[in-house]
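Structure at a glance
Letter by letter, the chains look like this.
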Amino acid sequence: MICRRPFFWIILIIAALFIYAPLHGNNVSLREDLILIAIAIILASNLNLMIGYTGYVNFGHIVFYGLGGYVGLYMATVRGWPLVVAALVAGLAVSLFALLFGLAILRLRGAYFALATIGVLQAVQAFVSNFDLWGRSTGMYLSFDAYQPLGGAMRALWVTYYLIIVVMALSMILSLAIKNSKFGLGLFAIREDEDAAIVLGVNTTVYKAIVYSVSAFLPAVAGTFMFYKNGMIDPSIAFEFMMSLEGIVMLMLGGQGAVMGAALGGGLYEKLRSSLLTSPKLSNFHLVISGGLLLLVVLFAPGGLIGWFYRVVPRARKVIE
Amino acid sequence: MSGVLASMIDGLLVGAVYGLAAMGLSLIWGVMDVINLTHGSMIALGMFCMYLLFGVFVTNAYLLLLPVMGAGLLLGIVVYWMSVHRVVGRPMLMSLLSTFAVNMMVIGIGTAIWSTSPYNVNFSLPGITIGAYTFTGNHIAAAIAAVVIALALQLFLYRTRTGKAIRAVADNREAAELMGISSTVVLTIAFGIGIALAGTSGALVSTLFPFTILSGATYQLKSFVVTILAGLGKPFGALVAGVLLGLLEGVVTPFIAVSWIPLIEFGLFVVALVAFPQGIFGRETT
């Protein structure tokens, strides 16, 4: 059972800290920092299922987040569904979309797949920018009334924060559960040698399509909450290629393949990025610095921070997964 | 109807430039099995290199292609040693990420210098007018330049010792090394040429359309589509496939909004990958 793993409890403790910290003294600015970190962790953890577990680079991972935001906002505001229901429906819809796309493009191996994911992102962005129902390139805006079901805008901000923290915890638990399952072993086999995995009886096409689809669900749910909180969505924000790539930087920085690696990388990178963006001298160079960081990690420390930590304290592998 | 014809001819001319861009990507991919994700940013740098040179020497912009090409070659060698050399032969994930990291750095520096506002190279050649339609001189000159450079590359690859060495390394690196070819030197040169081609095509694009530091990404996607259509390691095939893509864009633009084009290109990309994994020109050894 998953709750026997010590790391499961560590995840719950982390989530509890996230919930408790801003409550202390009603600290709104801390809450806004933590929400960005939580989103980063959600994206990096789910990306880890593809890159770290299966060995397939997804350059367009953000498409799930943006598309989830669109479907969820549309359901919640235009159709008037309750927020959580809208988010779950968005998650399911985006997962289904990913499954269908996955079955088509996952016939491609390795680098070809990576290129196709760039294409998926651009194609979806082109589609949404021309889609009348979702406001074309101007996007959708929420009116103030949209927050009434949650008891006004002030309370809605706190509610969405908690919901996002829950999604963050679920992302990490999902990664942990997959890592310790037969399904996870199949994915690792694909990563190490796909042909050998086929010979051993792993149905690689189905496995890859499922993991692609699963990695879409929670980012889509988080996308709904986040864009609902922001009160607006448009194609250039929802499908920002840069954010997709920053997800990859986070993952490599923290250490691909480890649950804690994804979370650590997501948290640290987001912290670094916000401090760079707010410093007047360095704000223009945050891309340069993250690019340099990525290059150094790829060339000299492919295991990332967590890989280094495992080397120093080999026993930690058992506890921090 | 003649409007469509004119649009097709225009597409054909621009397509030659797409082909040239794709040749750079295809060469690097074929020789060292590295998908060069700096491609887009190198195209953008080519655009700005042309912009800066044209600002200093106000002459025929097409004469400035030579210095752009030289700069591209040098930059390519630097990028190779910085990010690619250590990851050649390792899992593709690594080279994808390392070239991507360089891409981020270039875009970051470029944005800091030029912001993301549009620039253009203010140079135009007299056009040719047929009936109600005028084909601008720049489109014609750019297409001619692209074809000439493509032919020169073809000659280089098939007629010179270095070119043959590049093809040998692409075919079988170990066997080439046993024959006394230094694969490190060959890979460096091939990468340099690939980047030079990307930069040159960027310089050509800069004489046709306004551009920003982010414009490279569009042409990078087109290059991928063209490379896949042509099949790997067939630089001249890339030129032909590029012309085809330009033709297709020319045919569809009179009928649909330009913002749909990425969707069409992506559809083509996936269909080509799934239906013709060896490229539309079939399997043929280079």
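Refer to the structure presented above.
Below or above, wherever it landed, is the structure these notes cover.

Criteria and thresholds
Residues numbered from 1 in each chain as written. Chains lettered and ligands numbered in written order. Predicted model: local features only at pLDDT ≥ 70, side-chain atom pairs only at ≥ 80, totals over all residues. Helix = DSSP H or I, 4+ residues; strand = E, 2+ residues; numbered from the N terminus. Rg over C-alpha atoms; globule rule 2.2 N^0.38 Å. Buried ≥ 20, exposed ≤ 12 C-beta atoms within 10 Å, placed from the backbone. Contact = placed C-beta atoms within 7 Å. Arc of directions from axis to C-beta. Core = buried A, V, L, I, M, F, W, Y, C linked by C-beta atoms within 7 Å. Nonpolar A, V, L, I, M, F, W, Y, C, P; charged D, E, K, R; others polar. Expected span 1.5 Å × (residues − 1). Axes fitted to C-alpha atoms, helices over the stretch in contact; angles between N-to-C directions. Parallel < 35°, antiparallel > 145°, perpendicular 65-115°, else oblique. Left-handed = near helix turned anticlockwise from the far one by under 90°.

Once that is clear, we can look at the overall build of chain B. The number of helices and strands found in chain B is 11 helices and 2 strands. Across chain B, helices and strands are ordered from the amino to the carboxyl terminus as α-α-α-α-β-β-α-α-α-α-α-α-α. Computed over the C-alpha atoms, the radius of gyration of chain B is 18 Å, within 12% of the 19 Å expected from 2.2 N^0.38 for a compact globule of 286 residues. When each of the 286 residues of chain B is scored for burial, the buried share is 51%. When contacts within chain B are restricted to residue pairs at least 6 apart in sequence, those whose partners lie at least 24 apart make up 78%.

In terms of helices and strands, chain A carries 15 helices and 2 strands. The C-alpha atoms of chain A give 19 Å as radius of gyration, which agrees with the globular expectation for 321 residues (20 Å, within 12%). For chain A, the C-alpha atoms occupy an extent of roughly 55 × 45 × 45 Å along the three principal directions. A burial count over chain A gives 51% of its 321 residues as buried.

This part takes up helix H3 (residues 65–84) of chain B. Buried residues of H3(B): Leu65(B), Val68(B), Gly72(B), Leu75(B), Gly76(B), Val79(B), Tyr80(B), Ser83(B) and Val84(B), and no others. End-on view of H3(B): buried residues confined to an arc of 150°, all on one side of the axis. Seen from the buried face of H3(B), the exposed residues on the opposite side, beyond 90 degrees, are Leu66(B), Gly70(B) and Leu74(B). Structurally, H3(B) contributes buried residues whose contacts are with helix H13 (286–300) of chain A together with helix H2 (39–56), helix H4 (92–114), helix H5 (137–159) and helix H8 (183–206) of chain B.

Moving on, we get to the nonpolar core. The biggest cluster of nonpolar side chains holds 204 residues, and the ones touching the most others in it are Ile164(A), Val17(B), Leu20(B) and Ala190(B). If you tally residues by element for this core, the top one is helix H1 (residues 2–32) of chain B, at 15 residues. Those residues in contact with Val17(B), other than ones at most four positions away along the chain, are Ala142(B), Ala143(B), Ala146(B), Ser201(B), Leu204(B) and Val205(B).

Time to look at the environment of Tyr74(A). By secondary structure assignment, the location of Tyr74(A) is in helix H3 (residues 62–78). Taking C-alpha positions, Tyr74(A) is 8.8 Å from Leu133(A), a pair spaced 59 residues apart along the chain.

On to the interface of chain A and chain B. At the interface, 35 residues of chain A touch 31 residues of chain B. Where the side of chain A that touches chain B is concerned, the elements lending two or more residues are helix H4 (83–105), helix H5 (110–129), helix H11 (241–254) and H13 of chain A. Broken down by element, the side of chain A that touches chain B gets its largest block of residues, 13 residues, from H5(A). Here the residues of the side of chain A that touches chain B are counted per class, giving 24 nonpolar, 10 polar and 1 charged.

Looking now at helix H10 (residues 235–252) of chain B. Residues and elements named next belong to chain B. Taking 1.5 Å of rise per residue, 18 residues should cover 26 Å, and H10 covers 26 Å from first to last C-alpha, within 8% of that figure. Taken together, the buried positions of H10 are occupied by Pro235, Gly237, Ala238, Leu239, Ala241, Gly242, Val243, Leu244, Leu245, Gly246, Glu249 and Gly250. Structurally, H10 contributes buried residues whose contacts are with H1, H5, helix H9 (216–230) and helix H11 (261–275).

A word on the packing of helix H6 (residues 161–171) of chain B against H8(B). Residue and element names in this part refer to chain B. Between H6 and H8, the shortest axis-to-axis distance is 10 Å and the interhelical angle comes to 105°. The orientation of H6 relative to H8 falls into the category roughly perpendicular. Contacts between H6 and H8 involve Thr162, Ala165, Ile166 and Val169 on the former and, on the latter, Ser183, Val186, Leu187, Ile189 and Ala190.

Residue and element names in this part refer to chain B. Here H3 crosses H8 at 135°, and the two axes come no closer than 7 Å. Comparing the axis directions of H3 and H8 gives the class oblique. For H3 against H8, the interelement crossing comes out right-handed. Contacts between H3 and H8 involve Leu65, Val68, Met69, Ala71, Gly72, Leu73, Leu75, Gly76, Ile77, Val79, Tyr80 and Val84 from the first element and Thr188, Phe191, Gly192, Ile193, Gly194, Ile195, Ala196, Ala198, Gly199, Thr200 and Ala203 from the second. Looking at the contact of H3 with H8 residue by residue, the class counts come to 16 nonpolar, 7 polar and no charged.

As for its placement among the helices and strands, Arg273(A) is situated in helix H12 (residues 259–278). Once the C-alpha coordinates of Arg273(A) and Met168(A) are considered, the two residues, 105 residues apart in sequence, prove to be 19 Å apart.

All names here are of chain B. The phi torsion at Asp33 lies on the positive side, around 60°, for a residue other than glycine. The backbone of Ser115 sits at a positive phi, close to 50°, despite the residue not being glycine. Topologically, Ser115 is positioned in the loop between H4 and strand E1 (128–130).

Residue and element names in this part refer to chain A. The residue Ala87 is located in helix H4 in this model. Since 28 C-beta atoms lie within 10 Å of it, Ala87 is described here as buried. Discounting chain neighbours no more than four positions away, the residues touching Ala87 are Gly72, Val221, Thr224 and Phe225.

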